[in-house]
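Structural overview
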Amino acid sequence: MNPTNLADWLLQRLHGDGAMNRQLHDLLLQAVLQGQLVAGSKLPSSRWLAQELGVARNTVIDAYDNLLAQGCLLTRAGSGTYVAELDRDAPQGTGRSVATKAQAAPTLSKRGQALFAHAGVAARQWGAFMPGVPDVTEFPVRTWLRLHNRRWHEARPERLSYAPGGGLPELREALAEHLRVARSVQCTAEQIIITSGSHQAVDLAARLLTDPGDTVWLEEPCYWGLRSTLQSLSLRVQAQPVDAEGLRWPAKLKGAAPRLLLATPSHQYPLGMVMSLARRQQLLEHCRQHGSWIVEDDYDSEFRFGTRPIACLQGLDGGDRVLYVGSFSKTLFPGLRLGYLVVPKVLAAPFAKASAELYREGQLQQQATLADFIREGHLGNHVRRMRVVYGKRRECLLAAVQSSFGDQLPVLGDNAGLHLVLQLPEGTDDRRIEANAAAAGIAVRALSNYYSEQSRAGTGLLLGYACVPESQIAPAFRTLAGVLRKELS
Ligand SMILES: Cc1ncc(COP(=O)(O)O)c(C=O)c1O
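Residues numbered from 1 in each chain as written. Predicted model: local features only at pLDDT ≥ 70, side-chain atom pairs only at ≥ 80, totals over all residues. Heavy atoms only, no water.

Structural notes on a nonpolar patch on the surface
We count it as follows: Patches in this entry comprise residues that are over 30% relatively accessible and not in a salt bridge; like charges within 9 Å are linked, as are nonpolar side chains (Val, Leu, Ile, Met, Phe, Trp, Tyr) within 5 Å. The Shrake-Rupley method, run with a 1.4 Å probe sphere, supplies the accessible areas, and residue values consider only the shown protein chains as cover. Each reported salt bridge corresponds to a side-chain nitrogen of Lys or Arg within 4 Å of a carboxyl oxygen of Asp or Glu. In DSSP terms, a helix is any run of H or I states spanning at least four residues, a strand is any run of E spanning at least two, and both are numbered starting from the N terminus. Here the term buried applies to any residue with accessible area under 20% of the maximum for its type, exposed to any over 50%, and partly exposed to those in between, with areas from a 1.4 Å probe on protein chains only.
Taken together, the side chains of L108, L115 and F116 define a hydrophobic patch exposed on the protein surface, amounting to about 210 Å² of accessible area. Within the element layout of this structure, L108 appears in the loop between α5 (99–103) and α6 (110–114). For L108, a relative accessible area of 33% translates into the label partly exposed.

Thoughts on the site of the ligand
Put simply, the rule is: One heavy atom within 4 Å of a molecule or strand makes the whole residue count as near it. Under this definition, polar contacts are N or O atom pairs within 3.5 Å; protein pairs additionally need one hydrogen-donor-capable and one acceptor-capable atom, and for neighbouring residues in sequence, both atoms have to be side-chain atoms. Amino acid classes used here: Ala, Val, Leu, Ile, Met, Phe, Trp, Tyr, Cys and Pro are nonpolar; Asp, Glu, Lys and Arg are charged; the rest, including Gly, are polar.
Around the ligand sit G197, S198, H199, Y223, Y269, D297, Y299, S327, S329, K330 and R337, and those are all the residues in its vicinity. Here a nitrogen atom of the ligand and a side-chain polar atom of D297 are 2.6 Å apart. At 2.7 Å from an oxygen atom of the ligand is found a side-chain nitrogen or oxygen belonging to S329. No other element matches the 3 residues that helix α9 (residues 197–209) contributes to the shell around the ligand. Its residues placed into classes, the shell around the ligand shows 3 nonpolar, 5 polar and 3 charged.

Re the environment of C312
Worth spelling out the cut-off: Residue contacts are defined here by distance: any two heavy atoms, one from each residue, within 4.5 Å place the two residues in contact.
Examined against the element boundaries, C312 turns out to sit in the loop between β8 (293–297) and α12 (313–317). When neighbours within four sequence positions are excluded, C312 is seen to be in contact with R183, S184, V185, S266, R280, E296 and Y324.

Some thoughts on the sheet that holds strand β12 (residues 419–423)
Where we set the bar: A strand pair is defined by DSSP finding two or more bridges across the two strands.
The strand order β11-β12-β14-β13 describes an open sheet built from 4 strands, whose pairing is antiparallel. The sheet is open, and its two borders are formed by β11 (411–412) and β13 (445–446), each paired with just one other strand. Taken together, the 2 bridges between β11 and β12 define a ladder with antiparallel strand orientation. Looking at β12, one finds that L412 is bridged to V421.

If you want it as structure tokens, here you go:
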């Protein structure tokens, strides 16, 4: 990273909460450990960096000093501050060890390090135009509270203990019925495993169905969060390009067939196309032939504007090769950390047992409340209401794009979901735009971040509209348009 890139990278991640010198220290340490700042590279002067970041010079000096004390940085007389060589093999407690060696890089396994290869968690999770975040302020808190209180009045000892393998039976029953009707999922309650979100569902599926070194496929581009999950399991993760019909099984296999592949057939993430029926059938056929499992990530299919939600791949398969993953992160709120995995019948018992062995889940009162919320129709009502709200916000954002750029910047993505993709001319540095937008108070995500192979990366911006009130969309987009014009001119 050159000094300008470093400053951009830091600006994107610094936030208002917590001491600035601490944040800066942690981010610089992260950049060294993840290899963005390599050994021997020179750091910008504290004066220059402070100016770029808009912080006091002492803040930068303090962060540098702390890293110097840990041996993570070193100074060369009259020349400046450099990233030190980290001794990754040094045994701990040799006396030579500095905090960095003891705390992080040398103690991280290869798969621990692989977890960070495409890390992308943003400090900021709210506001224009943060993709993937629903409007949590619209969540029907009073209804939830009423149901939750009722459950607490009748709390039984077993509800306050660990969850039985697979989760609360009442919730699994309610979900089975809901998924049959809303998403054409074919399953019984026993096939449903309650998880803390899609991340844990994918983790569980990969742990139980793959061995280290197995080949797994991801879509290119894809959601970095689930890529990180798979990458940390010592798997051979390969990215398969998508086209207008979604994921393509290659005409000729290079190497082994995948043991498992992860796909988003109903709404490709992040580009937004729908996998055609022909592709779905081909994919199922190839997977049957090669004994490959499909993990279907159905993360936001409830939100389709104008047409009915598209039936899932699991229903087409009949529940044989497909493991279906869903989440309440978009329909309710991400902090709820509840999702589900629907597995083929033969996998139901081992998966339920494994979820208890691995994660020792709890939160049964919350699960009971959610069961009531679904059974009494509140989930359906909330989704229907939010579909209208998000549909309007999407229209508003499209109008803002039109009014600033006409047809100059095409918009990708079906009429669905919580975000759209603004395509940028080839060669545009979308990451720099992301950083400059962040500095102007607007959160966007660079499309190129979602590719593992930069040579085939598209350039564009993911714009989330779900958590932005209609009245704020046009003004926020005008700010973003100012940033874009500077970059495109
Ligand atoms: C493609 C995709 N799948 C799943 C999720 C949700 O993950 P979780 O259910 O663990 O919150 C997200 C969140 O942004 C996503 O973008």
